[in-house]
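Geometric and topological summary
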Amino acid sequence: MTSLATGFARTQRWLRAHPLAFDGALAVVVLVCMLVGSFADPNGRHGPEFGGRTPELRSVVLVVLVAGALVFRRRNPMAVLVFTPAVSVVELVAGEPPAPIAMSAAVALYTVASRTDRSTTWRVGLLTMGVLTAAAMVFGSTPWYTQENLGIFAWTGMAAAAGDAVRSRRAFVDAIRERAERAERTREEEARRRVAEERLRIARDLHDVVAHHIALVNVQAGVAAHVMDRRPDQAKEALAHVREASRSALNELRATVGLLRQSGDPEAPTEPAPGLDVLDELVTTFRQAGLPVEVARADDGVRLSAAVDLAAYRIIQEALTNVQKHAGTHAKAEVSVVRVGPTMEVTVLDNGAEADGPADGGGHGLLGMRERVGALGGRLTVGPRYGGGFRVQAILPLKARTAEDG
């Protein structure tokens with residue numbers, strides 16, 4: 001049973017790859033059927049009789065012509081449809097009784113119906129059915145109401161209906177296939193987009209962690225080297241800050257790498273993500289590194305979403321890190337967190353030299369800020385201040401924008 005199904009499938013694939021061979025075989029089958037039908041006498045003494053008559057040479061020639069025309073039914077279906085009914089009408093008028101050449105017209109009509117639209121099928125089908133049936137009723141030797149005449153109308157109508165059904169099914173299958181391919185492309189594009197977004201998020205988080213802690217380590221190590229000989233106690237305190245900053249950096253890097261190494265869904269973190277609740281601790285680390293920071297808050301104790309809270313914290317962290325790195329040794333920073341209607345304004349100012357500030361849009365830190373704010377539907381403004389220094393201001397919505405919101 002399996003071998004039979006395999007052979008049938010292989011034959012079907014071969015016929016699809018060689019349509020002309022299939023049409024030639026179909027033409028031979030239709031030719032044999034029409035020739036056999038030519039020897040049948042529908043008006044025998046006891047009903048239809050086979051061998052009761054012999055077809056004329058003219059009928060045989062016409063049968064061969066219409067059967068040969070079916071070989072080209074795919075290349076020019078409309079021309080074949082015009083030719084076969086015309087020859088059928090000639091046989092209906094001249095034949096006595098006529099050979100069943102209308103069978104070829106039914107095949108041609110099926111082909112047109114399966115390859116054109118429905119409106120064309122209706123117009124061409126009704127015309128073909130009407131012409132053939134009228135010719136049989138008017139020029140036939142039997143009464144117009146005989147079943148042979150009605151049979152021509154029925155068979156041609158069924159051929160048109162079958163062709164239209166095949167066309168509709170083919171269009172339906174093609175639509176399903178196209179929809180599946182489009183869904184597959186969309187799924188792949190969505191997967192690539194998510195991978196790209198995740199890579200950006202990881203790069204942004206790693207930059208924030210490494211840049212902040214390494215900047216503190218660098219400053220404290222410089223202080224320790226400067227006062228090592230004259231003030232060993234202060235040097236020890238600076239080295240302690242170096243050790244603490246290094247430990248924090250390693251812990252955050254270990255947590256991030258641990259999430260990346262998990263094969264399944266990551267487990268929930270044991271500690272909450274940093275936010276404005278630990279802003280004082282963040283500012284303390286910069287103050288210990290020698291950067292004077294003033295904080296002003298007027299956020300009315302509003303509870304932010306986790307994404308907005310983390311973004312505000314990271315923006316302040318990155319801005320103060322840039323002040324520490326670029327604004328000079330005598331720079332001061334001011335941090336303000338103010339609620340304005342449905343938004344939260346986070347501003348970081350410094351009084352460093354204008355030339356020492358980071359260029360607008362330059363560096364991964366500012367790029368990461370823009371990405372964070374843009375993902376939440378907020379607005380970021382960075383640039384030099386009038387009279388010297390640098391300004392970073394982020395306007396964040398109190399509630400993060402969801403993916404459905406665009």
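Being a predicted model, the structure only gives us computed values, none of them experimental.

Let's talk about the packing of helix α4 (residues 77-94) against helix α5 (residues 102-115)
Viewed as axis vectors pointing N to C, α4 and α5 meet at an angle of 155°, and their least axial separation amounts to 8 Å. Accordingly, the angle class assigned to the pair α4 and α5 is roughly antiparallel. For the pair α4 and α5, the sense of crossing is left-handed. Across the interface between the two elements, P77, M78, V80, L81, T84, P85 and S88 of α4 pack against A102, S104, A105, A108, L109, T111, V112 and R115 of α5. Considering only residue class, the contact of α4 with α5 consists of 10 nonpolar, 4 polar and 1 charged.

Some details on the sheet that holds strand β4 (residues 333-340)
Taken together, 5 strands build an open sheet; the order of strands is β3-β4-β5-β7-β6 and the sheet is mixed. This sheet does not close on itself; its edge strands, each paired only once, are β3 (293-298) and β6 (379-384). Each strand axis lies, on average, 10° off the axis of its neighbour in the sheet, ignoring direction. Two elements, β6 and strand β7 (residues 390-397), share 6 bridges in a ladder whose sense is antiparallel. Within β7, the position partnered with G383 by the bridge is R391. The sheet contacts of helix α9 (residues 279-288) involve β3 and β4, and relative to β3 the element is tilted by about 165°.

Notes on the pairing of β7
The buried count for β7 comes to 7 of 8 residues, which makes it a mostly enclosed element. Both strand β5 (residues 343-350) and β7 contribute to a ladder of 8 bridges, which runs antiparallel. Opposite T347, over in β7, you have Q393 as the bridge partner. Between β6 and β7, which pair antiparallel and follow one another directly, the connecting turn spans 5 residues, one of which, G387, has a positive phi of 90°.

A few points about the packing of α4 against helix α6 (residues 118-139)
Between α4 and α6, the shortest axis-to-axis distance is 8 Å and the interhelical angle comes to 10°. It follows from the interaxial angle that α4 and α6 lie roughly parallel. Judged by the twist between their axes, the crossing of α4 over α6 is right-handed. Contacts between α4 and α6 involve M78, L81, P85, S88, V89, L92 and V93 on the former and, on the latter, T120, V124, T128, V131, L132, A135, A136 and F139.

Regarding the environment of V29
Assignment of secondary structure puts V29 in helix α2 (residues 19-38). For the pair V29 and A67, spaced 38 residues apart in the sequence, the C-alpha separation amounts to 8.9 Å.

Overview of the pairing of β5
Most of β5 is tucked away: 6 of the 8 residues are buried. Sheet topology places β4 next to β5; 8 bridges connect them, and they run antiparallel. Pairing of V338 across the sheet is with E345, part of β5. Two successive antiparallel strands, β4 and β5, enclose a turn made up of 2 residues, where G341 displays a positive phi of approximately 60°.

Some thoughts on the side chain of T121
Here T121 lies in helix α6. Polar contacts involving the side chain of T121 include one to the main-chain carbonyl oxygen of D117, which spans 3.0 Å. Among residues more than four places away in sequence, those in contact with T121 are A113, T116, L126, A160 and D164.

Describing the nonpolar core
The biggest cluster of nonpolar side chains holds 36 residues, and the ones touching the most others in it are V293, I316, L320, V392 and L396. Counting residues per element, the ones that place at least two in this core are α9, α10 (306-326), β4, β5, α11 (363-376), β6 and β7. Ranked by the residues each element gives to this core, the list is headed by α10, at 9 residues. The contact partners of L320, leaving out residues within four places of it in the chain, are F286, L291, V293, A333, V335 and V348. Counting 20 residues, the second-largest nonpolar core is a separate cluster that includes V63, V66, L81 and V107.

Remarks on α10
Under the 1.5 Å per step criterion, the end-to-end length of α10 is 30 Å for 21 residues, consistent within 8% with the ideal 30 Å. Burial analysis of α10 places 16 of its 21 residues in the buried class, which makes it a mostly covered element.

Quick notes on the pattern of salt bridges
Tallied over the full model, the rule gives 11 salt bridges. A salt bridge links D23 to R73; the shortest N-O distance between them is 3.0 Å. Of the two residues, D23 is situated in helix α2 and R73 in the loop between α3 (57-69) and α4; the sequence distance between them amounts to 50 residues. The two residues D23 and R73 agree in class, both being buried. A salt bridge links D174 to R177, with the nearest nitrogen and oxygen atoms 3.0 Å apart. With D174 and R177 both in helix α7 (residues 147-227), this residue pair falls 3 residues apart, about one helical turn. The exposure class assigned to R177 is partly exposed, which follows from its relative accessible area of 45%. Several salt bridges share partner residues, and in doing so they unite D23, R73 and R74 into one network.

Section: the confidence of the model for the chain
Scored by pLDDT, the chain comes out at a mean of 78, with 77% of its residues at no less than 70. Scored below 50 in pLDDT, residues 354-361 shows 19 contacts in the model against residues more than four places distant or in partner chains.

Cut-offs and rules
- Residues numbered from 1 in each chain as written.
- Predicted model: local features only at pLDDT ≥ 70, side-chain atom pairs only at ≥ 80, totals over all residues.
- Heavy atoms only, no water.
- Axes fitted to C-alpha atoms, helices over the stretch in contact; angles between N-to-C directions.
- Helix = DSSP H or I, 4+ residues; strand = E, 2+ residues; numbered from the N terminus.
- Parallel < 35°, antiparallel > 145°, perpendicular 65-115°, else oblique.
- Left-handed = near helix turned anticlockwise from the far one by under 90°.
- Contact = heavy atoms within 4.5 Å.
- Nonpolar A, V, L, I, M, F, W, Y, C, P; charged D, E, K, R; others polar.
- Pairing = 2+ DSSP bridges.
- Buried < 20%, exposed > 50% of the residue type's maximum accessible area, 1.4 Å probe, protein only.
- Polar contact = N/O pair within 3.5 Å; in protein donor to acceptor, adjacent residues only side chain to side chain.
- Core = buried A, V, L, I, M, F, W, Y, C linked by side-chain atoms within 4.5 Å.
- Expected span 1.5 Å × (residues − 1).
- Salt bridge = Lys/Arg side-chain N within 4 Å of Asp/Glu carboxyl O.
- pLDDT = per-residue confidence, 0-100.

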